[in-house]
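Structure at a glance
If you want the building blocks of each chain, they are given just below.
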Amino acid sequence: MTTRSVIIASAGSGKTFTLANRLIGWMVHRLRTEGEPGCDRLLASTFTRKAAGEILERVLQHLAQGVLDDEARSRYADSFGLSTCPTRDELRTVLLTFIRLLHRVQINTLDGVFHRICQCFAAEIGLPANWTIGDDSSMERLRAECINEVLDAVDGDSMTLLIKLMQRGQRKRSVHASISRKIWGGGYGSELLQIIRATSMTPDPDAPWNWLKPASDGSALDGGHPLDPTALTRAIEVLEEAPIVLKKDGTPNSYWFKNHKGMVSDLRAGDWESFLERAVTAVCSTRIGDTFARNLPDDELIEAVAPLVVHAKACCINGRHEELVATHSILGAIESVYRKRQYRVGLYTFGDIEQLLAECRVIRRDALGLLWFRLDGMVRDLAFDEFQDTSTRQYKVLEPLIEEVLSGEGGDADRGFLVLADPKQSIYGWRGGTPGLIDDLERDYANRMDEEPPLVRSWRSSSVVLDAVDRVFGSLEDNAALQQIDHAMDGVRAWLRNYSRHEAARDLPGCVQVLVPDAGTDKPTIDHALEMAVELVVERHRAAPDRTIGVLVSRNKTVTRLVAALRKAGVDASEEGSSLLVDSPAVLAML
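To keep things clear, this report deals only with the structure shown in the data block. (Residues numbered from 1 in each chain as written. Predicted model: local features only at pLDDT ≥ 70, side-chain atom pairs only at ≥ 80, totals over all residues. Heavy atoms only, no water.)

Side note on the overall build of the protein
Secondary structure assignment for the protein yields 25 helices and nine strands. Out of the 591 residues belonging to the protein, those deemed buried represent 41%. For the protein, the proportion of contacts with a sequence separation of at least 24, taken over those separated by at least 6, is 75%. Looking at the protein as shown, the accessible area adds up to about 32500 Å², and 52% of this sits on carbon and sulfur atoms. (Helix = DSSP H or I, 4+ residues; strand = E, 2+ residues; numbered from the N terminus. Buried < 20%, exposed > 50% of the residue type's maximum accessible area, 1.4 Å probe, protein only. Contact = heavy atoms within 4.5 Å. Areas by Shrake-Rupley, 256 points an atom, 1.4 Å probe, with all protein chains shown as cover.)

Examining the pairing of strand β6 (residues 381-384)
Where burial is concerned, the two faces of β6 agree: the one with D381 and A383 and the one with L382 and F384 are both buried. By the bridge criterion, four bridges tie strand β2 (residues 42-46) to β6 in an arrangement that is parallel. Along β6, the bridge assignment pairs L42 with D381. In the sheet, β6 pairs with strand β7 (residues 417-421) via three bridges, with the strands oriented parallel. Across the sheet, residue F384 finds its bridge partner in β7, namely V419. (Pairing = 2+ DSSP bridges.)

Describing the environment of L530
The residue L530 is located in helix α23 (residues 526-543) in this model. Between the C-alpha atom of L530 and that of A565, which follows or precedes it by 35 residues, the distance is 8.5 Å. Apart from the residues within four sequence positions on either side, L530 is in contact with T558, R561 and L562.

Topic: unusual backbone geometry
Even without being a glycine, D376 presents a positive backbone phi close to 60 degrees. Residue placement: D376 occurs in the loop between α17 (368-375) and β6. You can call D376 exposed: its relative accessible area is 52%. At E386, a residue that is not glycine, the phi angle is positive and equals roughly 55 degrees. For E386, the location among the structural elements is in the loop between β6 and α18 (392-407).

What about helix α2 (residues 49-68)?
A rise of 1.5 Å per residue sets the reference length of α2, with its 20 residues, at 28 Å; its end C-alpha atoms lie 29 Å apart and thus fit the reference within 8%. Restricting attention to buried positions, one finds in α2 the residues A51, A52, I55, V59, H62, L63, G66 and V67. Around the axis of α2, the buried residues are gathered within 150 degrees of arc, so they sit on the same side. Exposed and oriented more than 90 degrees from the buried face of α2 are R49, K50, E57 and L68. Buried residues belonging to α2 abut α1 (15-34), β2, α3 (70-76), α4 (88-100) and β3 (106-109). (Expected span 1.5 Å × (residues − 1). Arc of directions from axis to C-beta.)

Some thoughts on the packing of α2 against α4
For the pair α2 and α4, the least separation of the axes is 8 Å and the interaxial angle reads 145 degrees. Helix-helix and strand crossings are classified by hand; for α2 and α4 the assignment is left-handed. Side by side, α2 and α4 meet where L56, V59, L60, L63, A64, G66 and V67 of the first sit next to R88, L91, R92, V94, L95, F98 and I99 of the second. For the contact of α2 with α4, the class distribution of residues is 11 nonpolar, one polar and two charged. (Axes fitted to C-alpha atoms, helices over the stretch in contact; angles between N-to-C directions. Left-handed = near helix turned anticlockwise from the far one by under 90°. Nonpolar A, V, L, I, M, F, W, Y, C, P; charged D, E, K, R; others polar.)

With respect to the nonpolar core
Residues I117, L382, F384, F387, I402, F417 and L441 are the most contacted members of the largest nonpolar core, which totals 43 residues. Elements with a contribution of two residues or more to this core: α5 (110-120), α6 (122-125), α16 (350-360), α17, β6, α18, β7 and α19 (436-444). For this core, the element with the most residues is α18, which contributes seven residues. Look past the residues within four positions of I402 in its chain and what remains in contact with it is L382, F384, Y395, F417, L441 and Y445. Counting residues in each nonpolar core, the second largest holds 31 residues, with I7, L23, V67 and F98 among its members. (Core = buried A, V, L, I, M, F, W, Y, C linked by side-chain atoms within 4.5 Å.)

What about the pattern of salt bridges?
Under the defined criterion, the tally for this structure stands at 36 salt bridges. Note that R320 and E273 form a salt bridge whose closest N and O atoms lie 2.8 Å from each other. Of this pair, R320 sits in helix α15 (residues 299-345) while E273 sits in helix α13 (residues 272-277); the two residues are 47 residues apart in sequence, bridging distant segments of the chain. On the basis of relative accessible area, R320 is assigned to the partly exposed category, the value being 32%. As a salt-bridge pair, R415 and E404 come within 3.2 Å of each other at their nearest N and O atoms. With R415 in the loop between α18 and β7 and E404 in helix α18, this residue pair connects regions lying 11 residues apart in the sequence. Look at R415 and you get buried, because its relative accessible area is 2%. Through salt bridges with shared partners, a single ionic network connects R30, E34, E36, R41, R380 and D381. (Salt bridge = Lys/Arg side-chain N within 4 Å of Asp/Glu carboxyl O.)

Section: the packing of aromatic side chains
Aromatic ring pairs are defined here through the distance separating the ring centres and the angle between the ring planes. Overall, the coordinates contain nine aromatic pairs when judged by the stated rule. Measuring from centroid to centroid gives 6.3 Å for Y76 and F80, while their planes differ by 75 degrees, and the two rings are edge-to-face. The interplanar angle of 75 degrees and the centroid separation of 6.2 Å between the aromatic rings of F387 and Y395 together place this pair among those described as edge-to-face. Residues F387 and Y395 agree in their burial class; the two are buried. Ring pairing ties together the aromatic residues F384, F387, Y395 and F417, which thus form one cluster. Here R374 stacks its cationic end above the ring of F121, 4.6 Å away from the centre of that ring. (Phe/Tyr/Trp six-rings, centres within 6.5 Å; stacked < 30°, edge-to-face > 60°. Lys NZ or Arg CZ within 6 Å of the ring centre and 35° of its normal.)

Notes on the side chain of R30
Counting through the fold element by element, R30 comes out in helix α1. Residue R30 is classed as buried on the basis of its relative accessible area, which comes to 3%. Contacts of R30, omitting those with residues within four sequence positions, involve G35, E36, P37, R380, D381, D414, R415 and G416.

Next up, the structure:
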């Protein structure tokens, strides 16, 4: 029996099929060895309720087909992971028991699993008696109140830093909205609150915020020392007096003259970043024969710039250190106010309860008995779908359970464990999804895992589509856009090491076109793309009105706009997603 494995599975390669049949295999194995299938003692988790429902439906479907159809039972045999194919009677017994215990079957989302645990350990975790998961509008109000309280309490310097942190040089109409998005996330933005929560759980919570701290001798991280005021004034005067490049007629080169004055102006204003960002500064400090305006700098100018570059770098690094420390303090204050208000009103997000679970550690190897008692049931077999989207925080909560299942202690050496993942399909980065956990899991438990080949044959897509995917992603090292990004190739090569070319399981028709909207002299925007998508759908719908057309976009708000545009064009369109009512063009027009 295959009991423990990590399977890398490409899109459409049969992840749900494999997971459902592996669960059936575990239950049949329990029936053979213990006399009952233990349907309520396995836990299978995924990331959406729809996916969890599909897994449950597939388990029931395959069990029923196995009972009624000998051919189906033979077709499923290899994926059950058993030494011998289950008999009709074995599958019937498992099916009947599974249905009888359906209310106790644990096929759920990770959010659902954590929510149930929190309900059983509310007091230990620090949740109020009436806590619940808040809806979006309730959480937005709570966060707005939190921001108001913090803004009323901070001093002028902290307020200036907070605004600078939120806007990063961009002028925005609403500082309040900007703070909310940056702190708690929004769209694809980063969540600063997650950073302070993650660092708070490290052995030294202050260390990540002090890594730029100057050494005891005052030197910055790069070893450079800021100049004292007198030395700085003299160094700027030397630079100001240094000769600049002349033209053939002996007059100053206008480009050099302008930038020379600019360097001096930056330094006198203490604008160290602008000084360092100047191309002329880089040319004067690299000493590798680079030119500016087709001329080499004078040696005297190079000597004058050198100490000022060291000073500017040290000041920038030390300034970033001070900003980090102040940011840590501000975020800590926001987190403190946020938690107090949450406890008062009893509203939390799934991310909040994950954090509380990770902090209080109610799931521990030495306390699993209490966990099973509170949950009124234990977990002997464990399966994870879409593991590439698991965050480090979620993994921290689950690790004691994973360790218990894989330990083989207490006579349970045959406990089932399955991970299905595809690093290429990680779509929950905005929630902390960390594909690197797959490698960590395989490395840490290498001697406890069975090897299984990856699933690379797609039952969903044609070879035409798969060849196009391989052509793009299998040759990322040759991608001109990525080659222009500093250090991008290191990540590309690491990603390609685990890339497997795709193979079609069925001979299906297919077509791939890559179209770029014509925006004239402007850069194409989402509006241009939507306009082109609507034109294509209208054209295809008129040519084949009985066919179904699917359109995939990256954001829910875009779905709502696209559906509205299609309906306006006379195409009956429906949307699937979690768009809010306020995303509707009609509602936005009223507002």
